[in-house]
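Observations on the three-dimensional arrangement
One letter stands for each residue in the lines below.
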Amino acid sequence: MTNFIQIPFRQKSWFGIPRDSDFSLQNLPFGIFRTAALPEARVGLALGDSVIDAAVLFDAGLLAGVSGLRRDHLVTDSLNTLLAAGPSVWRVLRGRVAELFTAGNDTLVRQADLHSRVLVQAGLAQLLLPTKVSNYVDFYSSREHASNVGAMFRDPQNPLLPNWLHIPIGYNGRSSSIVPSGTSFRRPCGQLKADADPAPVFAPTKQLDFELEMAFITGRRTQLGETIPVTNTDDYIFGMTLLNDWSARDIQRWEYVPLGPFLGKTFATSISPWVVTLDALQPFRVGGPEQTVPVLPYLQSAGPQAYDIHLEVWLKSEKMTSPQKICRTNYSHMYWNMAQQLAHMASNGTNIEIGDVYGSGTISGPTPDSFGSMLELCWKGTKPIALPDGTTRTFIQDGDTVIMKGWCEKDGIRVGFGEVSTEVKPAG
Ligand code: CA
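Numbering of residues starts from 1 in every chain and runs along the sequence as written. pLDDT decides what is reported in this predicted model: residues at 70 or higher carry local features, side-chain atom pairs at 80 or more are listed and counted, and totals for whole chains, interfaces and linings draw on all residues regardless. Think of the side-chain values as coming from all heavy atoms in the structure, minus any hydrogens and water.

Looking at the overall build of the chain
Of regular secondary structure, the chain possesses nine helices and 26 strands. Expected size for 428 residues packed as a compact globule is a radius of gyration near 22 Å; at 22 Å, the chain falls within 12% of this value. Its C-alpha atoms give the chain principal-axis dimensions of about 75 × 55 × 40 Å. With a 1.4 Å probe rolled over the protein chains alone, any residue whose accessible area is under 20% of its type maximum counts as buried; one over 50% counts as exposed, and the rest are partly exposed. Within the chain, buried positions represent 55% of all 428 residues. Here the chain displays about 18100 Å² of accessible surface, and carbon together with sulfur accounts for 53% of that area. Positive charges come from Lys and Arg, negative ones from Asp and Glu, while His and the chain ends are left out of the count. For this purpose, a charge sits on NZ of Lys, CZ of Arg, CG of Asp or CD of Glu. For the chain, the centre of its 37 positive side-chain charges and the centre of its 41 negative side-chain charges are spaced 1 Å apart. Helix and strand definitions here come from DSSP, where helices need a minimum of 4 consecutive H or I residues and strands a minimum of 2 consecutive E residues; each element is numbered from the N-terminal end. Taken over C-alpha atoms, the radius of gyration is set against a globule rule of 2.2 Å times the number of residues to the power 0.38. Computed with the Shrake-Rupley method and a 1.4 Å probe, the accessible areas treat only the protein chains shown as cover for residues.

Written out as structure tokens, the structure is:
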């Protein structure tokens, strides 16, 4: 059993946290940030509208009880070094930070100068990629999404391929183009060929799409040849982020046979900058959908393995003053769970690295407003979305900003992911 450190719901903070904040005392997600005044990248934990500078706490001697913690675990441009120190370091560090901010603890309240240096206004912090990503894998684990795509492009009566109910299908993506929220990209060019065209052309994609996904990030490595039992995956998963798996549908359609997604996916993948720990997500653990076909023993996970994470996608054109919600769904709809995905990933002995990103696959729910891509929401371009600026969309246009949000909520306690927001620029 993984020794999660949970911050009890009854525990309150002396620090003013807005009621609707994603970053409650019970959350305390990890990220990497810098500011104009502090140009050296460092580890932060989000709390309300602020970022806690862990290195300042360390320098003040307030993390002395965290055995094994070093300053270079905290003043660094990725969480990898802290994670490599082990869960007995990062878990205890997060627990100690919670203690310092719990009502009744006046350590920081008494020291106004220290207090002001520990807490950085979120608006002043530039949030960077949280980990150095060696490997990026994208799964395809929503039955509704796979069925929608299968129905559109193959057979509506028989939309799932024969392997889908037996294997958590996935492919190896490109880790170098994973970017944090706020990083815009240019509309990619590629080979396009409509069915009626005699030959392909090289041009900007006409079918740029988002894919609403969550990612889990690994916090522990394996050696080549080692596997991970499906019952032990919690020991390897550090936490989760939102992920937008940008996709150029026309490039993808022409290139994907027979080897699968390639340049239609690798131009950009956006993630939210705060990693919400598996510890913080434990109160929101729920059962997932029933798996209708028995799975092989190495994929037989036990107990509830899904998480009740509310998800939304918002779209804002250049002319709109505020974004419009275009999708609302929940992570708990996923057919294959993280334990099965990671056990499957490691089942052939490939080595898992610290900081790897594993995308869930597009998260679509059962209703048309819960589909996690424009392809599905607009059903292959046949059902355009009307925007308040008088325009319509079937895919994403230049100047559009796509915003994804996610959060858990129970008994008045909110544990959220913030957002991943990305603007699309015209092709170069
Ligand atoms: Ca995907």
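Details of the pairing of strand 6 (residues 136-139)
Burial along strand 6 is two-sided: Tyr-136 and Asp-138 facing one way and Val-137 and Phe-139 facing the other are all buried. In this analysis, strands are considered paired if DSSP registers two or more bridges between them. Examined bridge by bridge, strand 6 and strand 22 (residues 357-359) share three bridges and lie parallel to one another. Residue pairing in the sheet places Tyr-136 in a bridge with Val-357 of strand 22. Sheet topology note: the strand 6/strand 7 (residues 170-172) ladder contains three bridges and is antiparallel. Paired with Val-137 across the bridge in strand 7 is Asn-172.

Side note on the nonpolar core
Residues Phe-210 and Tyr-331 are the most contacted members of the largest nonpolar core, which totals 56 residues. Counting residues per element, this core draws most heavily on strand 26 (residues 413-425), at five residues. The criterion used for residue contact is that any of the two residues' heavy atoms lie within 4.5 Å. The contact partners of Tyr-331, leaving out residues within four places of it in the chain, are Met-214, Met-240, Tyr-307, Ile-309, Leu-311, Met-338, Ser-360 and Ile-363. Counting residues in each nonpolar core, the second largest holds 47 residues, with Phe-15, Leu-45, Leu-47 and Ile-217 among its members. Buried residues of nine kinds, namely Ala, Val, Leu, Ile, Met, Phe, Trp, Tyr and Cys, make up a nonpolar core once their side-chain atoms join them within 4.5 Å.

Some thoughts on the coordination of the calcium ion
Note on donors: an N, O or S atom is included if it sits within 2.8 Å of the metal, or within 3.2 Å for Na, K and Ca, and water is never included, so sites can look incomplete. The calcium ion binds to the protein through Asp-138 (OD), Glu-211 (OE), Glu-213 (OE) and Asp-245 (OD), with metal-donor distances spanning 2.2 to 2.3 Å. Summarised as a motif, the one-chain spacing of the donors to the calcium ion is D-x72-E-x1-E-x31-D. Taken together, the positions of Asp-138 in strand 6 and Glu-213 in strand 13 (residues 212-218) put the pair 75 residues apart, joining distant regions of the chain. In this pair, the class of Asp-138 matches that of Glu-213, namely buried.

Observations regarding the sheet that holds strand 1 (residues 30-34)
A sheet is described by the order of its strands in space; here five strands give the open sequence 4-3-2-1-5, paired in antiparallel fashion. At either end of the open sheet lies a strand with only one pairing partner, and these are strand 4 (119-121) and strand 5 (126-128). Within the sheet, the average angular offset between the axes of one strand and its neighbour, ignoring direction, is 50°. The pairing of strand 3 (residues 50-53) with strand 4 spans three bridges and is classified as antiparallel. The residue of strand 4 that forms the bridge with Ser-50 is Gln-121. Across the face of the sheet, helix 3 (residues 87-100) comes into contact with strand 1, strand 2 (42-47) and strand 3 while running at roughly 75° to strand 1. Structural elements are reduced to axes, namely lines fitted to C-alpha atoms, with helices fitted over the stretch in contact, and the angle between N-to-C directions of any two is expressed from 0 to 180 degrees.

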